[in-house]
Amino acid sequence: MKTTLTFREKLLINLVEWTKPWYGQFFQKSKVPWKIGLEKLKKFPPKTLGGDLAHFLEKEGLSLIPKFESHDVYHVLLKYKTTVVDEARMQFFLMGNRKYSLYIIGTNLIALFFYPEQIHTFIKEFKKGREAISIAKWDFEFLLNEPTKSLRRMIFRRPNQNMPLTF
């Protein structure tokens, strides 16, 4: 079921599409694109990060964009949809999770401007990110064989919990 986008959703989507090449050129220079594509991801077992990423990409009609692969992994691990508001919620989570970049800060400021009625949701997502284990520097390509559920448990485990981590 396709939904009709609002004016502000269309505006924000166009803004992201317009800024993506700039971001890739100026902020992602040192990042190396993955050596894997959708066809290889489809070969990962179900319920692994690689298998779940392939399923997500197919379901959403997306493909991996070189140097932006982790963005789609965040959707899979953190269970955010691809709506404009969920994209913003995810960016607030990531900033709370100590992933800082000019792009994330700018995205969050723009989201606050266009969606002031969501401020409480955005604050909640920021706090949720702050309470989670930081994933900003995780090498997701290396983790593609890991069970997604186990990775989520690691992320959302409280630091003072004495729970064993199992994979």
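In what follows, the structure referred to is the one given above.
The structure contained in this document is the topic of the report that follows. (Residues numbered from 1 in each chain as written. Predicted model: local features only at pLDDT ≥ 70, side-chain atom pairs only at ≥ 80, totals over all residues. Heavy atoms only, no water.)

Thoughts on the side chain of Glu-69
In this structure, Glu-69 sits in helix 4 (residues 69–78). There is a polar contact of 3.0 Å between the side chain of Glu-69 and the backbone nitrogen of Trp-34. Other than its neighbours up to four places away in sequence, Glu-69 contacts Pro-33, Trp-34 and Leu-64. (Helix = DSSP H or I, 4+ residues; strand = E, 2+ residues; numbered from the N terminus. Polar contact = N/O pair within 3.5 Å; in protein donor to acceptor, adjacent residues only side chain to side chain. Contact = heavy atoms within 4.5 Å.)

What about the environment of Phe-122?
Looking at where Phe-122 falls in the secondary structure, it is placed in helix 7 (residues 119–131). Sequence separation between Phe-122 and Asn-108 is 14 residues; the distance between their C-alpha atoms is 8.7 Å. If sequence neighbours within four positions are ignored, Phe-122 has contacts with Val-85, Ala-88, Arg-89, Phe-92, Ala-111, Leu-112 and Tyr-115.

Details of the packing of helix 4 against helix 8 (residues 148–156)
Contact geometry for helix 4 and helix 8: axes closest at 9 Å, N-to-C directions at 85°. The orientation of helix 4 with respect to helix 8, classified from their angle, is roughly perpendicular. Contact with helix 4, carried on its side by Val-76, Leu-77 and Leu-78, involves Thr-148, Leu-151, Arg-152, Ile-155 and Phe-156 of helix 8 and no other residues of that element. (Axes fitted to C-alpha atoms, helices over the stretch in contact; angles between N-to-C directions. Parallel < 35°, antiparallel > 145°, perpendicular 65-115°, else oblique.)

Re the packing of aromatic side chains
Under the defined criterion, the tally for this structure stands at 6 aromatic pairs. For the pair Tyr-74 and Phe-140, a centre-to-centre distance of 5.4 Å together with 90° between the ring planes defines the contact as edge-to-face. Highlighted residues: Tyr-74 in helix 4 and Phe-140 in the loop between helix 7 and helix 8, separated in sequence by 66 residues. Here Tyr-74 and Phe-140 have matching classes, each one buried. Of the aromatic side chains, those joined through ring pairs into one cluster are Tyr-74, Trp-138 and Phe-140. (Phe/Tyr/Trp six-rings, centres within 6.5 Å; stacked < 30°, edge-to-face > 60°. Buried < 20%, exposed > 50% of the residue type's maximum accessible area, 1.4 Å probe, protein only.)

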